[in-house]
Amino acid sequence: MVEIQKGERIAKVIARAGLCSRRDAEAWIAAGRVSLDGRVLDSPAAVVTAESVIEVDGVPLPEAEAPRLFRYHKPRGELTTTRDPQGRATVFDRLPAELPRLQAVGRLDINSEGLLLMTNDGALKRQLELPASGWLRRYRVRAHGRVTTARLAALAKGITVEGVDYGPVEAQLDRQSGANAWLTIGLREGKNREVRKICAHLGLSVNRLIRISYGPFSLGKLANRNLEEVPPKRLREALGLESSEKRKPRGKGFAKAKPKPNRPGSRRGFKKPEKTEGTAGTKTSKRQAAAKAAQKPARSGAAAKAKPAGSGPTNKTGAKKTGLKKTAVKKTGVKKAAAKPTSGKAVRAKPRTGKPANKTASKTGRKAVGKKDTRKSHANRRRPS
């Protein structure tokens, strides 16, 4: 059964059940097709409650479906109406047959295109259409003529056109392409042909009008004449009905993080478990560890005072310098190369001269390590007889 609020008209309840519109429900009542609590009605002025039993053609009202919302890309040349007396195409003609009865949220005239919202719930339709909801509707407008940014900025304070007051309008000039200007206009009321009348007041003639967004829902890349349902969760979030998930408090119910493994090669190093007196292989208790930590500074201080003066040089930390060797300071320039003997005999070091000992010596004077130079000097060469 449809959820009925206190003191609700019967035609509204029948329309919300998805059987027909309010106008059609009133016509059904006048034709004697609707009965209330077993009595056939002849006037739509009846008010019903949750305990009322409503039947249409002898069949109780079906269960109302959950509110659903659809995005439709309306093309030019289609009317936003259920049916047209002149037989022109409407936005409902090409909808799939398996869908429930849908209603358009707001209107787009026959020459306008873009995003059109549809819903199966009359109350949701009314809620989205009211200016009190504060949802901004954005349009891309191509208009013939020229306009200044100052005149567009003045629309933010509202404007009166032909005795009709319009609220604040967000308008900006995107570009001027020849004789046409591309504008982006945003408004929150959506009165009859509001965008076209405001542009005409500015001296512009609209030749293309595209609605690109309606509140939090945008046209995006929806193809022409395509219909796509809005996810229920997103719809509830847009209406403020989706409750935020409460985070579970940390503590009970959550597993603690495991300590890092204390193994050889890790950054923390490898520590063997300490053994207590009388118990082998068991770790010391927390109290014993704290007592040992408190005694350590006292012992180190006493040991430092009792140390004899002639025990040798010490560093800043008090540790004795043992095994330290003086390292030679490296000089920039000529460096001595360590001679590597090729046999058991020691190689005689040659006196250093201004030129390198052989051709393979480096420019810095360092002797290259390689084959032994076996060439005889000029003085020891044998002269020909």
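Structure: above.
Right, let's walk through the structure included here. (Residues numbered from 1 in each chain as written. Predicted model: local features only at pLDDT ≥ 70, side-chain atom pairs only at ≥ 80, totals over all residues. Heavy atoms only, no water.)

1. Here's the deal with the environment of L155
Looking at the element boundaries, L155 is found in the loop between helix 4 (149-153) and strand 11 (159-161). Taking C-alpha positions, L155 is 6.2 Å from P168, a pair spaced 13 residues apart along the chain. Ignoring anything within four residues of it in the chain, the contact list for L155 reads G167, P168, V169, A171, I198 and L202. (Helix = DSSP H or I, 4+ residues; strand = E, 2+ residues; numbered from the N terminus. Contact = heavy atoms within 4.5 Å.)

2. Some thoughts on the pattern of salt bridges
For the structure shown, the criterion picks out 14 salt bridges. For D24, the salt bridge is made with R83, and the minimal N-O distance between the two is 3.4 Å. Of the two residues, D24 sits in helix 2 (residues 22-30) while R83 sits in the loop between strand 7 (69-74) and strand 8 (103-105), which places them 59 residues apart along the sequence. Judged by its relative accessible area of 23%, D24 is partly exposed. We classify R83 as exposed; its relative accessible area is 57%. A salt bridge links E228 to R71; its shortest N-O distance comes to 2.7 Å. Residue E228 is located in strand 17 (residues 227-229), and its partner R71 is located in strand 7; the two are separated by 157 residues in the primary sequence. Relative accessible area serves as the criterion here: at 10%, R71 is assigned to the buried category. Among the charged side chains, a network of salt bridges with common partners joins D109, R193 and R196. (Salt bridge = Lys/Arg side-chain N within 4 Å of Asp/Glu carboxyl O. Buried < 20%, exposed > 50% of the residue type's maximum accessible area, 1.4 Å probe, protein only.)

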